[in-house]
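Below are the chains, spelled out letter by letter.
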Amino acid sequence: MEIKKVSLPEEKRKTKIADESQLGFGKIFTDRMLMVEWKGGKGWVDARIEPYAPFVLDPSCLVFHYAQEIFEGLKAYRWSDGSIALFRPEMNARRFNVSADRLCMPQVPEELFLQGIKELVQLEKDWVPSADGTSLYIRPAMIAVEPVLGVHPSDHYYFFVILSPVGAYYASGFNPIKLLVEDRYVRATPGGTGEAKTGGNYASSLKAGLEAKKKGYDQVLWLDGVNKRYIEEVGAMNMLFAYEDRIVTAPLDGSILHGITRDSVLTLAKSLGIKIEERKIDVVELMNDIRSGKVKEAFGSGTAAVVTPVGAICYRDECLTVDDGKVGKLTQKLYDTLSGIQTGKIADSFGWIQKI
Ligand code: PLP
Ligand code: COI
């Protein structure tokens, strides 16, 4: 599909941040965005890259009332030779369409998703930061914009992509975080929308997150919604636990996100000869295994979170330190290898990199 390039007036060009260590996460946006509309009967039309600007939307639009919305998250990395690389973007394209199906939204052809992102990042290439730990975060999203209050799938959608130069997701950087196992609220249930990347999952988890923050925890570790017993995931990352010779992680059985970083980390771990167990993790057993020292390391995985060490896990009245609250060796190795591949410092033997 041809993507029209709308000119960017000089006065709409923003000044880039000079000190990349101050980027934070998702606070700054680049000059341009991708916009494509889907209209019932016509399909995808009017693809364009235009100046980044607010939407003017009717207050009755379906997305504002019934949350028919999906999104994705991926990154573009600056290599030392100045070139730019995407990491497994086809996986985001596929997951976007799985989410679209769950939310009764139209499929975005994989080629349009990838072409749109590549052309946008190419135009905005000067925004890709180069300092260690920085990247250009890419946020594709789709919203329902039909102005009507009846509860039904929209007949009009915006598919758009915005870009944000970012540093670490957690303000503490690559340092161990403290998790609270949540046993009152639930994030997802079987048959629900837990494995779709849709805004409602994040809105419904805000309350637990806020209460945990007030008590001094960084994030909530969700349990399954039926038994409140099996470990699921953290708000923006999958969870992995390293034992002596294996990594244990929750199975992808309907209520957690199919993390692309999770898949990549498991593949890397297998290549290091580490066994992988995808199985239900009983929180009581996990706490016993941490207490007895069987759990050597704990970490989360996600596009924004990369590989994030977990230094403490608290459940009910007990707080246990994992690996003395330090960054474990395996966690560090997986972080270094994954970010090494993403930034071109380590050869990609998996076919994960797509150069722009
Ligand atoms: N789980 C949730 C709920 C997330 O929001 C994310 C972030 O995208 C992840 C897991 C990690 O997924 P990925 O590695 O594909 O970014
Ligand atoms: C990502 O890691 O890309 C995410 O979507 C997490 C987000 C909620 C910040």
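Owing to the predicted nature of the structure, the values given are computational and were not obtained by experimental measurement. (Residues numbered from 1 in each chain as written. Chains lettered and ligands numbered in written order. Predicted model: local features only at pLDDT ≥ 70, side-chain atom pairs only at ≥ 80, totals over all residues. Heavy atoms only, no water.)

Caption draft 1: Up close: the overall build of the chain. Of regular secondary structure, the chain possesses 8 helices and 18 strands. Here the C-alpha radius of gyration of the chain, 21 Å, is about what a compact globule of 356 residues would show, namely 21 Å. Taken along the three principal axes of its C-alpha coordinates, the chain extends 60 × 50 × 35 Å. Long-range contacts, defined as pairs at least 24 residues apart, comprise 72% of the intrachain contacts of the chain with a sequence gap of at least 6. Total accessible area on the chain is roughly 15,900 Å²; 52% of this is exposed by carbon and sulfur atoms. The averaged location of the 47 negative side-chain charges in the chain is 2 Å from the averaged location of its 45 positive side-chain charges. (Helix = DSSP H or I, 4+ residues; strand = E, 2+ residues; numbered from the N terminus. Rg over C-alpha atoms; globule rule 2.2 N^0.38 Å. Contact = heavy atoms within 4.5 Å. Areas by Shrake-Rupley, 256 points an atom, 1.4 Å probe, with all protein chains shown as cover. Lys, Arg positive; Asp, Glu negative; His and termini not counted. Charge placed at Lys NZ, Arg CZ, Asp CG, Glu CD.)

Caption draft 2: Spotlight on the pattern of salt bridges. All told, the structure shown has 27 salt bridges when counted by the stated rule. Residue Glu37 is joined to Arg48 by a salt bridge in which the shortest nitrogen-to-oxygen separation is 3.3 Å. Taken together, the positions of Glu37 in strand S2 (residues 32-39) and Arg48 in strand S3 (residues 43-51) put the pair 11 residues apart, joining distant regions of the chain. For the pair Glu37 and Arg48, one class covers both residues: buried. For Arg262, the salt bridge identified is with Glu278, shortest N-O distance 2.6 Å. A residue pair is termed long-range when its members are at least 10 positions apart, and Arg262 in helix H6 (residues 260-271) and Glu278 in strand S14 (residues 275-278) qualify at 16 residues. Among the residues examined, Arg262 registers a relative accessible area of 3% and is labelled buried. Connected through shared salt-bridge partners, Glu37, Lys39, Asp46, Arg48 and Glu50 make up one network. (Salt bridge = Lys/Arg side-chain N within 4 Å of Asp/Glu carboxyl O. Buried < 20%, exposed > 50% of the residue type's maximum accessible area, 1.4 Å probe, protein only.)

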